[in-house]
Structures are given as C-alpha cells and as structure tokens.
Amino acid sequence: MQIGILGSFEVRTDDGAHADVPGARLRALLIALALEPGHVVPKATLVDWIWGEHPPADAANALQRLVSRLRKALPEGSVEGQTDGYQLTVDPDAVDAVRFERLVGQAGADGNPRRVQRLREALALWRGAAMQDVGLQESAAFDAAVTRLERLRLTAMEDRFDAEISLGHGAELVTELTDLVAAHPVRERLVAALMRALVAAGRETEALRVYQR
C-alpha cells in the first residue's frame, strides 16, 4: 500500500488500485497513523488530532467507529488495535512524508553531489501543498503537522540550492529562485541563494538590487 499526503491525498493498494478513503476525519485518522508507521498512536492523540478542542461526548466509541470504517477501506490487516491505541502496518517508505523526512535526514550526512541527489529525490515526492484536500477543521495538531512539513520542505529546498550553487550550478537556478523568493520574501537563505545564483550568471547589478531590497 502507498499513502500520499504531500499534495493531493491518495491511497493505492499493492496492485495499483485506488483505495477510497472518504471524509476529512477518516483521512485525518489515516494520516495520523501513517505519520507513525509501525508504531502505536495513543487513542487520546488520535482524538485530539481528529476533533481538536471539540471532541464528541463519547470520544472512545466515536474513534472506534472511525477505525472500523478505515479498516473496511484499506487492505485487510492494515490497522491493528492495541490496548492503548492503534497502529498502521505499512512500510515507512510507503508513506511519502515519512520517506521525505528519511531522505532529508540522510542528505544531511552526505557530501556533494550525493547530497544534491538525495534532496532532489526527497523534494520530487511533493505534488502540491501538504494534505491540501483533506479539509479537516479546527484541529491544532493537524495544522501543526502541515506547518511542520511545509517548513521542512522549504529548508530542504534551501539546502539543495546551497549544495547546487557550491557545485557551480548557480546560473541554472536563477528563474526557480526568483519565483521562490517572490513567494517567500523573508526567507533569508533563499534570498542569499538568489544573490549567489545571479552573481554566478554574471548579473551582479541585479544581485545588488536583491541585497538592497
């Protein structure tokens, strides 16, 4: 089974078929479990993730009903119940967000150009904004997870640009960096990378304007 949350939400079984997981809460439950593959996620954590500050009166039974629905939507044996919580039995690399974090972590220990390769592979997993079509409302835990992943993505981009520029590829990155700086004007590392890329392209005057701005 493959679970995609770095962009539009999607679940595919081993035979490539699409698994339908309808509804914001059911998808949120799967995501909460998928971000901790092979580990038991406490019931209280899942309730907080799904309902936030407004849990139902009988939260334990409501969660159990959601889990039952999720089990029907996924291949048999995908969700296991434990005394204090539930776990998803899936290879960690089958979850794009988990694989992304693993690759980024490995890249930190690599030298160029291997580092560039790992960061490119990690960033290629993104197909859009994290969990963009889940639509869960009023869940601080869910929102925090989205924010954390998006920040990790930006940091990985910055690491990749620094590594690429160090390899002499700065001139090739000007357009991409210009667009990113326009979208994230206060990310100092992106701005610095753009200045270095402009200098590499022989556009020192523009680099100075970026610095002054």
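Anyway, here's the lowdown on the structure attached to this text. (Residues numbered from 1 in each chain as written. Predicted model: local features only at pLDDT ≥ 70, side-chain atom pairs only at ≥ 80, totals over all residues. Heavy atoms only, no water.)

### Overview of helix α5 (residues 114–123)
Of all the residues in α5, the buried ones are V116, R118, L119, A122 and L123. All buried residues of α5 lie within an arc of 165° about the axis, which places them on one face of the element. Against the buried residues of α5 lie α4 (96–107) and α6 (140–166). (Buried < 20%, exposed > 50% of the residue type's maximum accessible area, 1.4 Å probe, protein only. Helix = DSSP H or I, 4+ residues; strand = E, 2+ residues; numbered from the N terminus. Arc of directions from axis to C-beta. Contact = heavy atoms within 4.5 Å.)

### Remarks on the sheet that holds strand β4 (residues 79–81)
If you trace the 3 strands from one edge of the open sheet to the other, you get β3-β5-β4, paired in antiparallel fashion. The outermost strands of the open sheet, each flanked by one partner alone, are β3 (41–42) and β4. Pairing geometry for β3 and strand β5 (residues 85–88), over 2 bridges, is antiparallel. The residue of β5 that forms the bridge with P42 is G85. The strands that helix α1 (residues 24–34) touches are β3, β4 and β5; relative to β5, the one it contacts most, it runs at about 75°. Seen against the sheet, helix α3 (residues 59–73) touches β4 and β5 and runs at an angle of roughly 145° to β4. (Pairing = 2+ DSSP bridges. Axes fitted to C-alpha atoms, helices over the stretch in contact; angles between N-to-C directions.)

### Focus: the packing of aromatic side chains
If you walk through the whole model with that rule in mind, you get 2 aromatic pairs. Pairing W49 with F142 gives two aromatic rings, centres 5.9 Å apart and planes at 80°, and the pair type is edge-to-face. With a gap of 93 residues between them, W49 in helix α2 (residues 43–51) and F142 in helix α6 connect regions that are remote in the sequence. The pair W49 / F142 is uniform in exposure class, with both members buried. (Phe/Tyr/Trp six-rings, centres within 6.5 Å; stacked < 30°, edge-to-face > 60°.)

### Structural notes on the pattern of salt bridges
Inspection of the entire model under this criterion finds 14 salt bridges. The partner of E158 in a salt bridge is R187, with the nearest N and O atoms 2.9 Å apart. One end of the pair, E158, is in helix α6; the other, R187, is in the loop between α7 (174–183) and α8 (188–200), with 29 residues separating them in the sequence. Judged by its relative accessible area of 23%, R187 is partly exposed. Two residues, D159 and R189, come together in a salt bridge whose shortest N-O distance is 2.7 Å. Of this pair, D159 sits in helix α6 while R189 is found in helix α8, placing the two residues 30 residues apart along the sequence. According to the relative accessible area criterion, D159 is buried, its value standing at 16%. The class of R189 is partly exposed, set by a relative accessible area of 32%. Because the salt bridges share partners, they merge into one network encompassing E158, D159, D162, R187, R189 and R196. (Salt bridge = Lys/Arg side-chain N within 4 Å of Asp/Glu carboxyl O.)

### Some thoughts on the pairing of β5
Along β5, one buried face is formed by G85 and Q87 and the opposite face, lined by Y86 and L88, is buried too. Of the pairings in the sheet, the one linking β4 to β5 comprises 3 bridges and is antiparallel in character. Note on β5: the bridge partner recorded for G81 is Y86. Linking two consecutive strands that pair antiparallel, namely β4 and β5, is a turn of 3 residues.

### Considerations on the packing of α4 against α5
Close contact between α4 and α5 brings their axes to 9 Å; oriented N to C, the two are set at 165°. Between α4 and α5, the angle is such that the two are roughly antiparallel. At the point where α4 passes α5, the crossing takes the left-handed sense. Together, R99, F100, L103, V104, Q106 and A107 of α4 and R115, R118, L119, E121, A122 and L123 of α5 make up the contact between the two elements. Taken together, the residues that form the contact of α4 with α5 break down as 7 nonpolar, 1 polar and 4 charged. (Parallel < 35°, antiparallel > 145°, perpendicular 65-115°, else oblique. Left-handed = near helix turned anticlockwise from the far one by under 90°. Nonpolar A, V, L, I, M, F, W, Y, C, P; charged D, E, K, R; others polar.)

### Concerning the nonpolar core
Counting 73 residues, the largest nonpolar core has L88 and M131 as its most contacted members. The element best represented in this core is α6, accounting for 9 residues. Beyond its immediate stretch of four places on either side in the chain, L88 contacts M1, I3, L30, L33, A34, P37, G38, L74, S78 and V79. (Core = buried A, V, L, I, M, F, W, Y, C linked by side-chain atoms within 4.5 Å.)

### Section: unusual backbone geometry
In the Ramachandran plot, M131 falls in the positive-phi region, its phi being about 55° despite a non-glycine side chain. Relative to the elements of secondary structure, M131 occurs in the loop between α5 and α6. With a phi close to 60°, E138 is a non-glycine residue in the positive phi region. Assignment of secondary structure puts E138 in the loop between α5 and α6.

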